[in-house]
Amino acid sequence: MEKNKIIQGDCLRVLKNFPQESIDLIYLDPPFFSQKDYDMPFSDKKSVAAFKDSTKAYEEMDVDNINKSLNIRLIHSDNDFWKRDEAGLLRYLAYMKDRLKECHRVLKKTGSIYVHCDWHASHYLKIVMDEIFGYGNFKNDITWKRTYSHNDPRQYGRNSDKILFYSKTDRYVWNTQYTDYEKSYIKNFFRYKDKRGIYRLVVLTGPKINPNDPTWKGYNPKQSKRSWSVPKRIINKLVGETEAKKLSITQKLDLLYKNDYIEISKNNIPNFKQYLDEMDGVPLQEIWTDIPNISSQSAERLGYPTQKPEALLDRVIKASSDSGDIVLDPFCGCGTALVVAARLKRNFIGIDISPIACKVMKERLRKVNGINIPIIQTDYTLEDTDKMDWYEFQQWACNILLAVPSGKGADRGIDGEGEVKEKDKIVPFLVQSKKWKSMVGDDRVRAFKGAMDNKETPYGIIVANRFSPQAIKQANDYHTKNQATIHLIETEELLSKNFDVKEKTKWNILTPDYSPWKKQDSDLTKWQNEEVKK
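Residues numbered from 1 in each chain as written. Predicted model: local features only at pLDDT ≥ 70, side-chain atom pairs only at ≥ 80, totals over all residues. Heavy atoms only, no water.

## With respect to the pattern of salt bridges
1) Next: With the rule as written, the count across this model stands at 29 salt bridges.
2) Next: One salt bridge in this structure joins lysine 126 and aspartate 130, with 2.8 Å as the shortest N-O distance. Taken together, the residues span about one helical turn, with lysine 126 and aspartate 130 both in helix α6 (residues 122-133) at a distance of four residues.
3) Next: Overall, aspartate 130 belongs to the buried group, its relative accessible area being 17%.
4) Next: A salt bridge links arginine 366 to glutamate 363, with the shortest nitrogen-to-oxygen separation between them at 2.6 Å. Note that arginine 366 and glutamate 363 are positioned in helix α13 (residues 355-369) at a spacing of three residues, about one turn of the helix.
5) Next: With a relative accessible area of 42%, arginine 366 lands in the partly exposed category. (Salt bridge = Lys/Arg side-chain N within 4 Å of Asp/Glu carboxyl O. Helix = DSSP H or I, 4+ residues; strand = E, 2+ residues; numbered from the N terminus. Buried < 20%, exposed > 50% of the residue type's maximum accessible area, 1.4 Å probe, protein only.)

Right, dumping it as C-alpha cells:
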C-alpha cells in the first residue's frame, strides 16, 4: 500500500478503496457536533462548505430511516427529541457511523483508534463505537483539559475535550507513556540522598511464598510470608538482558549489593535503593492536564480554531504505534497528525475533503519536516459535480484553476481570484463559476467583463455546464478587439485528468500561496482575538 500521502476527498469514499486491515493507528478529529452545525476543522470561509455534499444524503434522510441506519436500541425512543431530531444529532451520528465502520475495516488487528470529540456528542459517539469496535475493546475515555478556565454562565466551565480510545482486538500495540512525579510526591517519598542522587527505599520482596527462595545475608523472605522480587530493569542495565537471564537470585542480589543498590536495615532486612533519575515516572492516566492548548504566541500556531497541539499527537502516536507503522488521520485539517508522525519515523496518510486544507498540509510538511508529499485528488464525475452545492462547486473549480475562492457573501460576480505574471508586474485573473443546468448567455459574459474592469484586469475565466452561441461570440469579440481575454470552460472539461489551466489559457499563472502561516480570512483574526480575551 502506498504510504506518506495526502488524499483530497470525502474519507468515506476514499477509505472504501483502502485494503482491509492495512492501517496501524487511526486518530481522527472530526467536525464536532454543535447543535445545528458541524464545526469544521477549517472554519474559515474558504473551506467551511467543502464537505457539505458528504452530509447532504443525511440531511435528506427522515428520522425513521436514520434510526434504522444507526441500529442503536437506546435511540429507538418515543421521545419527541429523537422523533423530531431538531438538533440534527441523529444525522450527525449516522454520518459518523458510516465513516467509523470504514475505519474499523481498514484497521489492523494490532491497531488502535482515537476519536477526538467534545461534550456535544461524546456519549453518543461512544455508543456508536461500542457497536462497531465492541464494548470489550473500549480502553479509555480520555479527558484533555484544553483551556485553563471558561466563564460559562450558570454552569461549570466546559474546558475539556474527550478522546475515545479503542483497540480492534486484545493484541494491540501498547507502549506505556509516563509523566513526571509531582513535587510533593518526590518530597514525601524520595527522602534519601547519596553521591548517586536522590532515592527512596523499596522492599525487595513480593507477595506469596516461593519455597525455592534462598537465604541471602541472613534473611529469607519466607519468614515474612513473601518471596524475592529483584528489579529486572536495573539488573539488565548492569549486565545486559542476555547475561541477566543466566543469573540466579543470589547472584542478582550480590550484583545489586556490589553496585550499592541495596541498603540493609537494623532489622537485617535488605531494601532496594530506587533512584529518582532512574525512574520512568508515573504511568500516564486518562485525565491529561499537562498539555496546554496552542496559545496565541505559540510557534506552532497556524491560526485555525480547532488546531491541536503537537504534544497531544506525540503522546497518542508514541503510545499506540511503533517506528515504521502507518498512521491515518481521515479528517486531517491542518495536518498535525502527519507532521508528528513524520517526526517520529512513522508512515502516514492524511485525508481531508477541503482542497485548501490539503494544500496547507502539504506546505506545512514541507516547511516543518522538509518533505514534499503528493496530493492525490479524488476523481469526480459530472454526476458528482451536479450533487455539489454552488459553494462547493465554486471551490472545486477554483482549486483546478489555481485560484483562491472568494468565500460566501457578496462577491460582485467574482467567485475566485488568481495571479498572472507578466513581464514586469503581477496582474489578477478572475473566476466566475455557474452551476446552472441552463446555458450561460452573453449577458453574463458582459456582466463579468464589468467586474474585470472594476479590478483593472484583462484576464478572466467563466466555468459553466454549457454556454450559448451568443456567449461564445461575446467572449470572442472582446478578445478580437483586444479588450479582454475571457475563457469559457465547460465543467466536463475540468473533469479531464489532462486538463491544465496554464496550457488552456497560455497565461503564466502563479501557484497560490496556501502557506498555513498566511492568515486567509478576517474571521480567523476575530476568533483569535476572542480567544485571547478569554
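From this point, the narrative continues.
## Observations concerning unusual backbone geometry
1) Next: Unusually for a residue other than glycine, glutamate 456 sits at a positive phi of about 55°.
2) Next: Mapped onto the secondary structure, glutamate 456 falls in the loop between α16 (442-454) and β23 (459-464).
3) Next: Residue classification places glutamate 456 among the exposed residues on the basis of a relative accessible area of 70%.
4) Next: For lysine 506, which is not a glycine, the phi torsion comes out positive at approximately 65°.
5) Next: For lysine 506, the location among the structural elements is in the loop between α19 (501-505) and β25 (509-510).

## Digging into the packing of aromatic side chains
1) Next: According to the stated counting rule, one finds 19 aromatic pairs in the structure shown.
2) Next: Residues tyrosine 114 and phenylalanine 165 carry aromatic rings whose centres are separated by 4.5 Å and whose planes lie at 5° to one another, so their mutual orientation is stacked. Within this pair, whereas tyrosine 114 is found in strand β5 (residues 107-117), its partner phenylalanine 165 is found in strand β7 (residues 160-167), the two being separated by 51 residues in sequence.
3) Next: A residue is classified by how much of its surface remains accessible, and phenylalanine 165, at 3% relative accessible area, is buried. (Phe/Tyr/Trp six-rings, centres within 6.5 Å; stacked < 30°, edge-to-face > 60°.)

## A short note on the sheet that holds strand β9 (residues 192-194)
1) Next: The antiparallel open sheet is built from four strands, whose spatial order is β9-β10-β14-β13. Of all strands in the sheet, those with a lone pairing partner are β9 and β13 (262-264), marking the two edges. Strand-to-strand, the axes of this sheet are offset by a mean angle of 45°, without reference to chain direction.
2) Next: With five bridges joining them, strand β10 (residues 197-203) and strand β14 (residues 270-275) adopt antiparallel strand pairing. Directly across from valine 202, in β14, lies its bridge partner phenylalanine 272. (Pairing = 2+ DSSP bridges. Axes fitted to C-alpha atoms, helices over the stretch in contact; angles between N-to-C directions.)

## Remarks on the pairing of strand β22 (residues 426-434)
Every other side chain in a regular strand lies on the same face of the sheet, so the side chains alternate between the two faces.
1) Next: Among the nine residues in β22, eight count as buried, and that is most of the element.
2) Next: In the sheet, strand β21 (residues 416-421) pairs with β22 via six bridges, with the strands oriented antiparallel. The residue of β22 that forms the bridge with glycine 416 is valine 431.
3) Next: Counted along the chain from β21 to the antiparallel partner β22, the turn is four residues long.
4) Next: Here β22 runs beside β23; their pairing, made up of six bridges, is parallel. If you follow serine 433 over to β23, its bridge partner there is valine 463.
5) Next: A crossover connection joins β22 to the parallel β23 through α16; in handedness this β-α-β unit is right-handed. (Right-handed = clockwise from strand over helix to strand, strands pointing away.)

## Section: the sheet that holds β5
1) Next: The strand order β16-β6-β7-β5-β2-β17-β18-β1-β19 describes an open sheet built from nine strands, whose pairing is mixed. Each edge of the open sheet carries a strand with a single partner, namely β16 (287-288) and β19 (375-377).
2) Next: As paired strands, β5 and β7 are joined by six bridges and run antiparallel to one another. Residue pairing for β7: valine 115 is matched across the bridge by leucine 164.

## Looking at the environment of phenylalanine 467
1) Next: Along the chain, phenylalanine 467 falls in the loop between β23 and α17 (469-480).
2) Next: By relative accessible area, which is 8% here, phenylalanine 467 ends up buried.
3) Next: Considering only alpha carbons, one finds phenylalanine 467 and aspartate 442, 25 residues apart in sequence, at a separation of 8.5 Å.
4) Next: Contacts of phenylalanine 467, omitting those with residues within four sequence positions, involve Met439, Val440, Ile462, Ile472, Leu488, Ile489 and Glu490. (Contact = heavy atoms within 4.5 Å.)

## Points about the packing of α16 against α17
1) Next: For the pair α16 and α17, interaxial distance at closest approach is 7 Å and the crossing angle is 35°. For the pair α16 and α17, the contacting residues are Asp442, Val445, Arg446 and Lys449 in the first and Gln470, Ala471, Gln474, Ala475 and Tyr478 in the second.
2) Next: For the contact of α16 with α17, the class distribution of residues is four nonpolar, two polar and three charged. (Nonpolar A, V, L, I, M, F, W, Y, C, P; charged D, E, K, R; others polar.)

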